[in-house]
Amino acid sequence: MKRKILSLLLLGASLTAAAQSNKIEFTEYDLPNGLHVILHQDKTTPTVAVTMMYHVGSKNENADRTGFAHFFEHLMFEGSENVERGKYINMIQSAGGAVNANTSFDRTYYYQILPSNQLALGLWMEADRLRAAKIDQQGIETQRQVVKEEKKQRIDNQPYGTLLENTFATAYAVHPYRWVPIGSAQYIDRASAREFEQFYKTFYVPNNATLTIAGDLDINQTKAWVEQYFGAIPKGTGTIPRPSVVEPPQMEEGRKVVFDNIQLPAVIQAYHIPAQGSEDSYAINMLTTLLAGGPSSRLNKALVDKQQKAVTVASIPLSLEDPGLFINLAIANMGVDVHDLERAMDVEVDRVKNETISDQEFQKLRNQMETDYINGLSTLEGRTEKLASYHALYGNTNLINTELDKILAVTKDDLMRVAKKYFTKENRAVLHYLPKASQAR
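Residues numbered from 1 in each chain as written. Predicted model: local features only at pLDDT ≥ 70, side-chain atom pairs only at ≥ 80, totals over all residues. Heavy atoms only, no water.

S.K.: Please explain the packing of aromatic side chains as it appears in this structure.
M.R.: Throughout the structure, instances matching the rule amount to 24 aromatic pairs. Where Phe199 meets Phe203, the ring centres are 4.8 Å apart and the plane angle is 50°; that geometry is what we call tilted. A residue pair is termed a helical-turn pair when its members lie 3 or 4 positions apart in one helix, as Phe199 and Phe203 do in helix 8 (residues 193-203) at four residues. Take Phe199: its relative accessible area is 8%, and that puts it in the buried class. Following the ring pairs from residue to residue traces out a cluster consisting of Tyr54, Phe68, Phe71, Phe72, Phe77, Tyr88, Tyr110, Phe196, Phe199, Tyr200, Phe203 and Tyr204. Lying over the aromatic face of Phe77, Arg129 brings its terminal NZ or CZ to 4.7 Å of the ring centre. The residue whose ring lies beneath Lys223 is Tyr29, and the NZ or CZ to ring-centre distance is 5.4 Å. (Phe/Tyr/Trp six-rings, centres within 6.5 Å; stacked < 30°, edge-to-face > 60°. Helix = DSSP H or I, 4+ residues; strand = E, 2+ residues; numbered from the N terminus. Buried < 20%, exposed > 50% of the residue type's maximum accessible area, 1.4 Å probe, protein only. Lys NZ or Arg CZ within 6 Å of the ring centre and 35° of its normal.)

S.K.: How should I be thinking about the UniProt feature "domain: Peptidase M16 C-terminal" (unreviewed entry) in the chain in this particular structure?
M.R.: On the UniProt side, "domain: Peptidase M16 C-terminal" (unreviewed entry) is annotated at positions that read residues 192-369 here. Taken end to end, residues 192-369 comprises 40% helix and 22% strand; its first and last C-alpha atoms sit 46 Å apart. (UniProt positions renumbered as here; feature names shortened; annotations may be inferred.)

S.K.: How should I be thinking about the sheet that holds strand 2 (residues 36-41) in this particular structure?
M.R.: Two orientations exist for strands paired in a sheet by backbone hydrogen bonds: parallel and antiparallel. In spatial order, the strands read 1-2-6-3-5-4; together these six strands make up an open sheet with mixed pairing. Each edge of the open sheet is held by one strand with a lone partner, namely strand 1 (27-30) and strand 4 (98-103). This sheet shows a mean twist of 15° between the axes of neighbouring strands, independent of strand direction. In terms of strand pairing, strand 4 meets strand 5 (residues 108-115) through six bridges, oriented antiparallel. Opposite Ala98, over in strand 5, you have Ile113 as the bridge partner. Those strands touched by helix 4 (residues 119-132) are strand 3 (47-54), strand 5 and strand 6 (209-215), and its axis lies near 15° from that of strand 3. Most of the contacts of helix 9 (residues 219-230) go to strand 2, to which it runs at about 155°, and overall it touches strand 1, strand 2, strand 3 and strand 6. (Pairing = 2+ DSSP bridges. Axes fitted to C-alpha atoms, helices over the stretch in contact; angles between N-to-C directions. Contact = heavy atoms within 4.5 Å.)

S.K.: Would you mind going over the pattern of salt bridges with me for this structure?
M.R.: When charged atoms on two side chains of opposite charge get close, those side chains can pair. This model, assessed by the stated rule, comprises 31 salt bridges. Asp136 serves as the salt-bridge partner of Arg85, at 2.5 Å between the closest nitrogen and oxygen. In this pair, Arg85 sits in the loop between helix 2 (68-75) and helix 3 (88-94) while Asp136 sits in the loop between helix 4 and helix 5 (137-156), placing the two residues 51 residues apart along the sequence. For the salt bridge of Arg343 with Asp340, the shortest nitrogen-to-oxygen distance reads 2.3 Å. Here Asp340 and Arg343 lie together in helix 12 (residues 338-354), a separation of three residues that amounts to about one turn. Arg343 gets classed as partly exposed once you look at its relative accessible area, which sits at 49%. Salt bridges here are not isolated pairs; linked through shared partners, they connect Glu253, Arg255, Glu342, Asp346 and Arg428. (Salt bridge = Lys/Arg side-chain N within 4 Å of Asp/Glu carboxyl O.)

This is the structure we're talking about:
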């Protein structure tokens, strides 16, 4: 046993040394129009990443116009003043690149991966749609149908597809996190072209954006291109709305039953947790790995392997810019009652609250967290998104070099403390997903 613990300690020490010796170098600055620019040179492969993160997500929407940020994730590919409708993606692909985007509660992220000799093209195209994206009736009507079909395929018609939608709606009473980024088709249908235009002018401005460029690039040449393509774009003149509403502390457990087109029931437990980057958030993230991070995790070993009450389990820390949710999820095995499954989940959560983790399990957990963090920075795409997120959402780009220290500073006592603080019944929402066939019983 001592030999095994020693080997775990040595592994942890070697990982830490490797991380400390691989500091991520970057250059950052602001243009006069407010655009924040981050440059990271990596000449390992002849590729570059050109990314733009806009500090706008679903929490910036109005309650009667949800889905706007996600809608713009699509609409921004319609074209621009100098790019024909429907040609944006083709132009990138024809240059040997790939392009995509995604939307969250807090931000919208666009990225291109290109051969390094096509960097100027990527910058020009990103600048052109920031300056003059095509927001017209034809594009709006096209994307209305695309977005509604995506919601049907990915959410409405998928087993457990509405899980996040129902969980956030149950857990939040007043904060705009009570709706999810996919939004509502009815509100997208009702919105006018003028409303979309106003959303674009409000949020898609240089002073609400972070341009991150990484890969096989020349720093001075890249700075010159950034100035050439982005420097003349005017700063947004209006106030960028930020939600100021604070979700009140939850005083009693919230519950909801959802009848879905599924065969196996599921239990979802969602606990309120503090905002990302807060002192307790690192211990909370580590608890995620402890509970469901791999086959040897607590929930897997207890519910799936030993008791065979669940076919799958998951723990998801949705750490957000404002206080988010820690979600435990279990899908029941055939014939298992959801109340029995929920009680089994509670037993494992109570163990974390009341039993000190062993030195061996804790060291294994730290090594796993460290490995996951280092692996997340091993790709150009991973580093680029981290750099953008750390600036836009945390206000500290250099967290890319220091956050691992915060993770490794978590102690065994911290794990027990935060579990006792946040994993309480009055601080959670519980959902039971049941087969529609059981509704008539």
